[in-house]
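# A closer look at the structure
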Amino acid sequence: MTRSASETPYVLVLFYSRHGATQEMAQQLAAGIESVAGIAARLRTVPPVSPTTEAVDPEIPAEGAIYATLDDLRHCHGLALGSPTRFGNMASPLKYFLDTTSELWMNGALTDKPATAFTSTASLHGGQEATLLTMLVPLLHHGMVYAGVPYRETQLLTTRSGGTPYGTSHLAGAKAERELDVDETALARAQGARLGRLALAMRSLHEEA
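Structural notes, computed from the coordinates. Quick caveat, the model's predicted, so the values are computed rather than measured.

Parameters at a glance
- Residue numbering note: each chain is counted from 1, following its sequence as written.
- This being a predicted model, a pLDDT of at least 70 is required before a residue's local features are given, and a value of 80 or more before pairs of side-chain atoms are given or counted; all residues contribute to the totals for chains, interfaces and linings.
- Each side-chain value is worked out from all heavy atoms of the structure, with water and hydrogens disregarded.
- The helix count covers DSSP runs of H or I at least four residues long, the strand count covers runs of E at least two residues long, and both are numbered beginning at the N terminus.
- For the radius of gyration, the atom set is restricted to C-alpha positions; the globular benchmark scales as 2.2 Å times the number of residues to the power 0.38.
- Exposure categories follow from relative accessible area, calculated using a 1.4 Å probe and restricted to protein chains: below 20% of the type maximum is buried, above 50% is exposed, and the middle band is partly exposed.
- Note that accessible areas follow from Shrake-Rupley with a 1.4 Å probe, and for residues the cover is restricted to the protein chains shown.
- Orientation is described by lines fitted to C-alpha atoms, with helices fitted over the stretch in contact, and by angles between N-to-C directions that extend from 0 to 180 degrees.
- Throughout, the term roughly parallel applies to angles under 35 degrees, roughly antiparallel to angles over 145, roughly perpendicular to angles from 65 to 115, and oblique to all others.
- We call a crossing left-handed when the near helix sits turned anticlockwise from the far one by less than a right angle, and right-handed when that turn is clockwise.
- Should any heavy atoms of two residues lie within 4.5 Å, those residues are counted as being in contact.
- Residues are sorted three ways: Asp, Glu, Lys and Arg are charged, Ala, Val, Leu, Ile, Met, Phe, Trp, Tyr, Cys and Pro are nonpolar, and all the rest, Gly among them, are polar.
- A pair of Phe, Tyr and Trp rings is counted when the ring centres sit within 6.5 Å of each other, with Trp represented by its six-membered ring. The angle between the planes then sorts it: under 30 degrees is stacked, over 60 is edge-to-face, the rest tilted.
- Charge over a ring is defined by NZ of Lys or CZ of Arg lying within 6 Å of the ring centre and within 35 degrees of the ring normal.
- Within 3.5 Å is the distance limit for a polar contact, defined as a pair of N or O atoms, with the added protein rule that one can donate a hydrogen and the other accept it, and that residues adjacent in sequence qualify only through two side-chain atoms.
- When a carboxyl oxygen of Asp or Glu lies within 4 Å of a side-chain nitrogen of Lys or Arg, that pair is called a salt bridge.
- Criterion used throughout: strands pair if DSSP finds at least two bridges between them.

### What to know about the overall build of the chain
On a plain count of helices and strands, the chain comes out with eight helices and six strands. Walking the chain from its N terminus toward its C terminus, one meets helices and strands in the order β-α-β-α-β-α-α-β-α-β-α-β-α-α. Relative to its length of 209 residues, the chain is compact, with a C-alpha radius of gyration of 16 Å against a globular reference of 17 Å. For the chain, the spread of C-alpha atoms along the three principal axes comes to 45 × 45 × 30 Å. Per-residue burial for the chain yields a buried fraction of 48% across its 209 residues. Surface accessibility of the chain: about 10500 Å² in total, with carbon and sulfur atoms responsible for 54%.

### A word on the packing of helix H1 (residues 21-34) against helix H7 (residues 182-201)
Contact geometry of H1 with H7 gives a least axis separation of 6 Å together with a crossing angle of 50°. Between H1 and H7, the interaxial angle falls into the category oblique. Seen from above, H1 lies across H7 with right-handed handedness. In this structure, H1 uses Met 25, Gln 28, Leu 29, Ala 31, Gly 32 and Ile 33 to contact H7, whose residues at the interface are Thr 185, Ala 188, Arg 189, Gln 191, Gly 192 and Ala 193. Within the contact of H1 with H7, the residues separate by chemical class into six nonpolar, five polar and one charged.

### Digging into unusual backbone geometry
Even without glycine at this site, Phe 87 takes up a positive phi of about 55°. Along the chain, Phe 87 falls in the loop between strand E3 (78-84) and helix H3 (92-98). Not every positive phi belongs to a glycine, and Ala 176 is a case in point at roughly 55°. Looking at the element boundaries, Ala 176 is found in the loop between strand E6 (169-171) and H7. Here Ala 176 falls in the partly exposed class, since its relative accessible area comes to 29%.

### Let's talk about the packing of aromatic side chains
The final tally for this structure, using the stated rule, is zero aromatic pairs. Sitting over the face of the ring of Tyr 10, Arg 42 holds its NZ or CZ atom 3.8 Å from the ring centroid.

### Considering the side chain of Ser 169
Tracing the backbone shows Ser 169 in strand E6. In this structure the side chain of Ser 169 is engaged in a polar contact, spanning 2.7 Å, whose partner is the backbone nitrogen of Gly 163. With residues near it in sequence (within four places) discarded, Ser 169 still touches Met 25, Thr 119, Gln 128, Gly 162, Gly 163, Thr 164 and Glu 184.

### Points about the pattern of salt bridges
The full count for this structure, using the stated rule, is eight salt bridges. The salt bridge involving Arg 42 is made with Asp 72; its shortest N-O contact spans 3.0 Å. Of this pair, Arg 42 sits in strand E2 (residues 40-45) while Asp 72 sits in helix H2 (residues 70-74), placing them 30 residues apart in sequence. For Arg 42, a relative accessible area of 25% corresponds to the partly exposed category. Exposure remark for Asp 72: the relative accessible area of 7% places this residue in the buried category. With its nearest N and O atoms 3.3 Å apart, the salt bridge here joins Arg 74 to Glu 103. Here Arg 74, found in helix H2, pairs with Glu 103, found in helix H4 (residues 102-107); they are 29 residues apart in sequence, far enough to count as distant. Here the residues in one salt-bridge network are Arg 42, Arg 44 and Asp 72, joined through shared partners.

### Focus on the pairing of E3
Counting buried positions over the seven residues of E3 gives seven, a clear majority of the element. Side chains Gly 78, Ala 80, Gly 82 and Pro 84 project from E3 onto one buried face, and the interleaved Leu 79, Leu 81 and Ser 83 project onto a second face that is buried too. Pairing analysis gives five bridges linking strand E1 (residues 10-15) to E3, with the strands arranged parallel. Opposite Leu 12, over in E3, you have Leu 79 as the bridge partner. As defined by bridge partners, E3 adjoins strand E4 (residues 114-121) across six bridges and the pair is classed as parallel. Residue Pro 84 lies in a different strand from E4, and its bridge partner there is Ser 120.

The values reported here are purely geometric and, on their own, carry no functional implication.
Structural data, given as structure tokens:
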């Protein structure tokens, strides 16, 4: 499928969220992306996984972002990957989706596209940086160009909650009761804006004929 030259390029914001904190981060990154003229944000999520083999979830969620398809990933100009922490690792529903992308890997569909990651944890030292690094690994296998959060974003030096150079993070609290604070919001938006700028700048490296 060839993209129309007139179609607005987009960054895919792909996330899994159990209690809403990671979804809130995704929305802030999307706002940052769309602050850049000429590029759009496309919010997509993934379904939960089940220990049984019976499919019980509807194809379209009752609310929130719809489920991602491989075409959403194939035709994006950049990717922001978000997940809560599961023992210092990304959540299994997001990992499961990434495990289905071998076709894109074999065809180099994501090569030379910029990517970043974001995460949310219940506790301050709950594996934020480790989780971001686990999300980085499959992106590198796909040939993507990883973009973190540079220290010119001064909130990295002042934040008392989330925020890392590997990607934006959020301290949600044990019951996900804590909303994004001013620093976390600013970092998420800056991360999205940076990704949007890079997606436009790198567009010529991978556009389909």
